[in-house]
Amino acid sequence: MATGVHARVLIVARDDALAGPLAEGLDRLGWRTVTARGPYAAIAALGDLAVEAAIIDLKSSGHEALTLARRLRAACAPRRLPVIAIGDPDPELDAYGFDLTLAPPVHPAQLVLRLETLVRMAVAEEEFELRLETFAERGRRLDMPEPDSSPFHVLAIGEPAPQFLALSNALTRSGAEVVGAFTAYTAFDYLHERPFDAVVLWAGDNSQEALSIAAGMRRNTRLYHTPALLYMRQESYVTMSEAYHRGISDVASPETPEVETAKRVIELARCHRRQTSIRRALERARSSGLMDAATGLFTRDLFASHLGRLAQASRKRNRPLSVCVLKVAERPEVTQARKSGWLDRAIPQIGSMVSRLVRVEDTAARLGPEVFALALPATPQASARAAGERIAAVIGCTAFENGDGKPPFVVEFDIGVAEVGSAEGVGKALEQAAARAAQQHAS
C-alpha cells in the first residue's frame with residue numbers, strides 16, 4: 001500500500017472488468033478509491049486507510065464474497081462501514097450483511113449518491129450511540145429509534161404520460177403507496193399536508209419545471225432531506241450534473257426497466273425513513289430538560305461535554321471532526337430589530353430552523369444569545385464551511401416580523417470553522433472558529 005494514499009472507497013474485485021471503469025469514475029467525482037483483489041488485501045487496506053465504504057463485485061469475487069461484508073465490518077470497528085454489493089439482486093443477500101445491492105451496469109454518479117447516503121447513515125448511527133452516553137452521564141435516557149413497517153409513501157409529480165404511469169404501477173406492485181400530483185401547485189399542497197418517504201419527478205417535455213420543484217424542496221427546511229428521483233427521457237438536454245446541483249437525489253429514464261427504477265425509489269425511501277427515525281429519536285432529547293429552552297438546541301455546557309466525547313470517538317474511528325460557529329451578523333435592520341425586541345422573538349424560530357437544517361448526525365447548540373455552533377463528525381474543515389454556508393443561505397431566505405408598519409428583516413451570519421486536531425484541542429478549535437467568525441464581521 002503506497003504511503004500517502006487517502007482512499008474513501010474500497011473496491012473488492014478479482015479483475016478490472018467492472019472495477020476499472022467504476023474506480024475511474026468515482027475518482028473523478030471526488031471519491032478516491034483503492035482496489036483489493038481478495039479478502040486479505042481488503043482487510044489490510046482497511047487497517048491502513050480511512051476508508052468510508054466498501055464495494056464488492058460479487059461476480060468476480062466468487063464464493064468468499066458472501067461472507068466478506070461482515071469480515072470487513074469487523075476489521076473496521078469501531079468505525080461503521082457501509083458495504084455495497086454489485087450483482088444480480090437477491091433477497092438472500094440481505095442475510096449476509098450487505099447494506100445495498102445494485103445491479104450492473106452502475107453509473108459512478110448514481111453510486112456516489114448511494115455512497116453519500118449510506119456513509120452519512122453510518123455516521124448518524126455512531127452519533128446516536130455517543131448521545132446515549134452523553135445523556136446517560138447526566139441521568140437522562142434516550143429512547144431507541146422506532147422502526148416503521150408501514151408501506152412507503154411516494155409522491156409522483158408530473159403529467160400522466162404512459163412511461164410515468166408504468167413506473168407508478170411498478171412502485172405500487174413493490175408495496176408502496178403512490179399519490180399522484182399533476183402540477184407543481186398540487187404537489188406542494190400534498191408535501192405540506194403529509195410526509196413522504198420519496199418523490200418522483202417526471203421531466204417529460206418540461207424538465208425545468210421538475211428541477212424547479214426539486215430546488216423548491218431544498219429551500220424548505222421541512223422538505224430539505226426528502227429524496228427526489230428525476231425520471232426523464234434519455235435524450236433530455238438536462239445533464240446529470242445539473243440535476244444533482246438542483247437537488248435531485250437520483251436520475252433514471254424510461255429506457256431502464258420500471259421494476260429496476262422502482263427498486264431505486266424504494267431504496268431512497270428506505271434510507272430516508274431510517275434517517276427520519278434516527279432524527280426523531282435524537283429530537284426527543286428536547287424533552288429531556290437538558291436542552292436550551294428557547295430553541296431546543298444543546299446548551300453550552302451540554303455541547304462542550306458531547307464535543308469532548310465526539311473528539312475521542314473521531315480519533316478511535318479515524319474520522320475527521322470539525323466545528324462551525326454561526327453568529328448573527330450586524331446589519332442596520334438587525335440592530336433595529338434587536339433594540340425593539342423583535343430579534344429576540346425571532347431567535348427561537350432561527351434555532352428551530354438550524355436544528356432542522358443540520359444533517360441528522362450533526363450536533364447544533366446555542367452558545368450565546370445570537371451565537372450557534374455545530375459539531376460535524378466525519379467532516380473536514382472545507383465541508384464544514386460549506387454546511388454552515390448552506391444553513392445560513394436557507395435561513396437568509398426567511399423574513400422575520402419587525403412590528404406593525406415596519407418591513408420584515410432578514411438574518412445573515414458571520415461564519416467561522418475549524419477542524420479538531422485532537423481530543424485535547426477541542427476548546428482551542430471552538431475558540432478558533434469563533435474568532436474566525438468575528439474576523440469575518442470585522443472584514
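Preceding this paragraph is the structure being described.
For the structure given in this document, a descriptive report is provided here. Keep in mind the model is a prediction, meaning the values are calculated, not measured.

**Examining the overall build of the protein chain**
The helix and strand inventory of the protein chain stands at 15 helices and 14 strands. On C-alpha atoms alone, the protein chain measures out to a radius of gyration of 23 Å, which is about the 22 Å that the 2.2 N^0.38 rule sets for 443 residues. The proportion of buried residues among the 443 residues of the protein chain is 54%. Considering only intrachain contacts with a sequence separation of at least 6, the fraction spanning at least 24 residues in the protein chain is 72%. Only carbon and sulfur atoms are counted for the fraction: they give 52% of the accessible area of the protein chain, which is about 20,000 Å². Measuring between centres, the 52 positive side-chain charges of the protein chain sit 5 Å from its 54 negative side-chain charges.

**Some words on the side chain of Ser277**
Summarising the element assignment, Ser277 is placed in helix α10 (residues 258–283). Not counting chain neighbours up to four residues away, the residues in contact with Ser277 comprise Pro145 and Glu146.

**Some thoughts on the nonpolar core**
Most often, soluble globular proteins keep nonpolar side chains buried together rather than apart. In this structure, Ile350, Leu374, Ile395, Phe409 and Phe413 are the most contacted members of the largest nonpolar core, which totals 31 residues. By residue number, the principal contributor to this core is helix α13 (residues 342–357), which donates eight residues. In this view, Ile395 contacts Ile350, Met353, Val354, Leu357, Phe400, Val411 and Phe413; residues no more than four positions away in its chain are not counted.

**Brief notes about the sheet that holds strand β14 (residues 413–419)**
With antiparallel pairing, four strands are arranged side by side in an open sheet as β12-β13-β11-β14. Only two strands of the sheet have a single partner each, and these edge strands are β12 (363–368) and β14. Strand-to-strand twist in this sheet, taken as the mean axis angle between neighbours without regard to direction, amounts to 20 degrees. Two elements, strand β11 (residues 321–328) and strand β13 (residues 371–377), share seven bridges in a ladder whose sense is antiparallel.

**Section: unusual backbone geometry**
For the peptide bond that leads from Ala77 to Pro78, omega is 10 degrees, which places it in the cis range. By secondary structure assignment, the location of Pro78 is in the loop between α4 (65–76) and β4 (83–86). A positive phi angle is found at Asn318, which is not glycine, with a value near 55 degrees. You can see Asn318 is positioned in the loop between α11 (300–317) and β11.

**A short note on the pattern of salt bridges**
All told, the structure shown has 30 salt bridges when counted by the stated rule. Of the charged contacts, one joins Glu330 and Arg338 as a salt bridge, the two residues approaching to 3.0 Å between their closest N and O atoms. Given the relative accessible area of 35%, Glu330 is considered partly exposed. Two residues, Arg331 and Glu333, come together in a salt bridge whose shortest N-O distance is 2.7 Å. Overall, the relative accessible area of 29% leaves Glu333 in the partly exposed class.

The rules behind these values
- Residues numbered from 1 in each chain as written.
- Predicted model: local features only at pLDDT ≥ 70, side-chain atom pairs only at ≥ 80, totals over all residues.
- Heavy atoms only, no water.
- Helix = DSSP H or I, 4+ residues; strand = E, 2+ residues; numbered from the N terminus.
- Rg over C-alpha atoms; globule rule 2.2 N^0.38 Å.
- Buried < 20%, exposed > 50% of the residue type's maximum accessible area, 1.4 Å probe, protein only.
- Contact = heavy atoms within 4.5 Å.
- Areas by Shrake-Rupley, 256 points an atom, 1.4 Å probe, with all protein chains shown as cover.
- Lys, Arg positive; Asp, Glu negative; His and termini not counted.
- Charge placed at Lys NZ, Arg CZ, Asp CG, Glu CD.
- Core = buried A, V, L, I, M, F, W, Y, C linked by side-chain atoms within 4.5 Å.
- Pairing = 2+ DSSP bridges.
- Axes fitted to C-alpha atoms, helices over the stretch in contact; angles between N-to-C directions.
- Salt bridge = Lys/Arg side-chain N within 4 Å of Asp/Glu carboxyl O.

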